[in-house]
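The lines below spell out each chain.
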Amino acid sequence: MTLNRERLVAGCTIFRHFINHSLDLNRDFDVSGFELSAPLIGAAAYNTYVETVSNKTDTLYLRIKEGSTEMVTYSYLDSIKRLSNKFGWKDKKIILAFDTTDEDFYGDVQGIDIHGWTKEHGVTGKFKFLTCSIVSDDIPEKIPLIAVPVHIGQYKSQAILYCLNKIKPYIGNIELILFDRGFYDKDLMHELDQNAFPYLIFVPKSKDKQEILFPLKNGSRVAIYNEFTINKNKTNTTDENLMIFLKQLYDPKNEKSYDWIFATNVEEIALSNIVQTYKKRWRIETGYRVQDEATIKCKSKDMKVRYFLFVFQQMLQTHWICHHKEEVSFKKFIIELHDTCKDLVANAKKSY
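Rules behind the numbers
- Residues numbered from 1 in each chain as written.
- Predicted model: local features only at pLDDT ≥ 70, side-chain atom pairs only at ≥ 80, totals over all residues.
- Heavy atoms only, no water.
- Helix = DSSP H or I, 4+ residues; strand = E, 2+ residues; numbered from the N terminus.
- Buried < 20%, exposed > 50% of the residue type's maximum accessible area, 1.4 Å probe, protein only.
- Contact = heavy atoms within 4.5 Å.
- Lys, Arg positive; Asp, Glu negative; His and termini not counted.
- Charge placed at Lys NZ, Arg CZ, Asp CG, Glu CD.
- Core = buried A, V, L, I, M, F, W, Y, C linked by side-chain atoms within 4.5 Å.
- Polar contact = N/O pair within 3.5 Å; in protein donor to acceptor, adjacent residues only side chain to side chain.
- Patch = residues over 30% accessible without salt bridge, like charges linked within 9 Å, V, L, I, M, F, W, Y side chains within 5 Å.
- Areas by Shrake-Rupley, 256 points an atom, 1.4 Å probe, with all protein chains shown as cover.
- Salt bridge = Lys/Arg side-chain N within 4 Å of Asp/Glu carboxyl O.
- Expected span 1.5 Å × (residues − 1).
- Arc of directions from axis to C-beta.
- Pairing = 2+ DSSP bridges.
- Right-handed = clockwise from strand over helix to strand, strands pointing away.
- Disulfide = S-S within 2.5 Å.

(A) Spotlight on the overall build of the chain. From N to C terminus, the chain includes 12 helices and nine strands. In terms of overall dimensions, the chain has C-alpha extents of about 80 × 45 × 40 Å along its principal axes. A buried classification covers 51% of the 352 residues belonging to the chain. Once local pairs closer than 6 in sequence are excluded, the contacts in the chain between residues at least 24 apart make up 66%. Distance from the positive charge centre (48 side chains) to the negative charge centre (46 side chains) of the chain: 3 Å.

The structure is reproduced here in structure tokens:
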């Protein structure tokens, strides 16, 4: 199926605006979104380096380094604002999911942006990004609402609250926020409580948790109040939440039984189908697999460059989900969008 050319042209315009807004460019510069959209989309379509398909890479990277990550974030949020108005997200109850994804780095690990790695398969470090996505059942657009870089030593709570505060104007009532076990953190739970954000976190198993699970009968559910203390700014603060223990709960999909432990500040969650609710979080990982089809390769050590390319890939994914998903595959969409942008530039040069 061939996509409607007018809609593809409109898509090219959207990506030009995103590039210009992110990097503070216009047609008065030596390069702008008009010239850069085709090579960026082409690199994503064919999973290659921008320099493979364009001689503008040095200028592009220079503009990115001269800019700020905040401009890229706000440019993406502009598109989220338009989608929110179009799909009426402000009038709906919203379930969100947070996750981190990473990109491999090969080379000398330095600074606060590259997280050290095991050197397995030559990977010495990782660039990490935190993403928040809609995963509500009644909203078909399962899209990332915001993504931010993750720096070494950064508080999880700081990055997550930043994301939540940025997206709040574009969504309705937050019914629940889902986290995997990597987010089980006392400081995060306390800050979510203080800011009245409802959460459900998958808790990693530990000796003390196993001691509670062990005597339970298979298929049983126990919810207990859990008091915890955090030390922040040289002050001890006490908080509490609910810990929910599920012993050998049967999963018909896998035909196996599992132990589950969750932390939450929502009492009603303890009475609900908690595992099915939590599994909505896995939809964010499906989004990552889709985005992998649009990977733009990069060797840069600069987080600004990595972040811009990561968000550009998310823009492609978001645009496809909201406008073309029912018509064509993601890969075919990117290829046709690239061909259209390239034709527009070529035709413009002929008319000069």
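Let us keep going from here.
(B) Representation of the nonpolar core. Core analysis: the largest hydrophobic core is formed by 95 residues, its most contacted members being L40, L96, F98, L164, F179, F308 and L316. Ranked by residue count, the leading element in this core is helix α11 (residues 303-323), at 13 residues. Ignoring sequence-local partners within four residues, the contact set of L316 consists of F15, I41, A44, A294, F330, F333, I334 and L337. Residues V135, L200, I244 and I269 belong to the second largest nonpolar core, which totals 18 residues.

(C) Fine view of the side chain of K209. Mapped onto the secondary structure, K209 falls in helix α8 (residues 207-213). Take K209: its relative accessible area is 11%, and that puts it in the buried class. Here the side chain of K209 touches D208 through a polar contact of 3.3 Å, side chain to side chain. Filtering out sequence-adjacent residues up to four positions away, K209 remains in contact with Y184, V203, P204, M243, F245 and I261.

(D) Geometry of a negative patch on the surface. Judged by side-chain charge, E227, E240, E267 and E268 come together as a negatively charged surface patch. Secondary-structure assignment places E268 in the loop between β9 (256-264) and α9 (274-278).

(E) How the structure looks around helix α6 (residues 156-167). For α6, with 12 residues, the first-to-last C-alpha span of 17 Å sits near the 16 Å given by 1.5 Å per residue. Those residues of α6 not exposed but buried are S157, A159, I160, L161, C163, L164 and I167.

(F) How the structure looks around helix α4 (residues 57-66). When α4 is considered as a whole, its buried residues turn out to be T57, L60, Y61, R63 and I64. Mapping the buried residues of α4 onto a view down its axis gives an arc of 160 degrees, with all of them on the same face. Of the residues in α4, the exposed ones pointing more than 90 degrees away from the buried face are D58 and E66. In this structure, the buried residues of α4 make contact with α1 (5-23), α2 (33-45), α3 (50-53) and α11.

(G) Examining the pairing of strand β6 (residues 199-202) more closely. A two-sided burial pattern is seen for β6, the buried positions comprising Y199 and I201 on one face and L200 and F202 on the other. The pairing of strand β5 (residues 174-179) with β6 spans three bridges and is parallel. Each residue of the ladder has a partner; that of F179, found in β6, is I201. Between the parallel elements β5 and β6, the chain passes through helix α7 (residues 186-194) in a crossover that is right-handed. Bridge count for β6 against β9 is three bridges, and the pairing is antiparallel. Paired with L200 across the bridge in β9 is T264.

(H) Examining the state of the cysteines more closely. Following the criterion strictly, the structure yields one disulfide and no others. C12 shares a disulfide with C341; S-S distance 2.4 Å. Disulfide C12-C341: torsion about the S-S bond near -120 degrees, hence left-handed. Of this pair, C12 sits in helix α1 while C341 is found in helix α12 (residues 330-351), placing the two residues 329 residues apart along the sequence. The exposure class assigned to C12 is buried, which follows from its relative accessible area of 0%. With no disulfide partner, C132 has as its closest neighbouring cysteine sulfur the one in C163, 6.5 Å distant.

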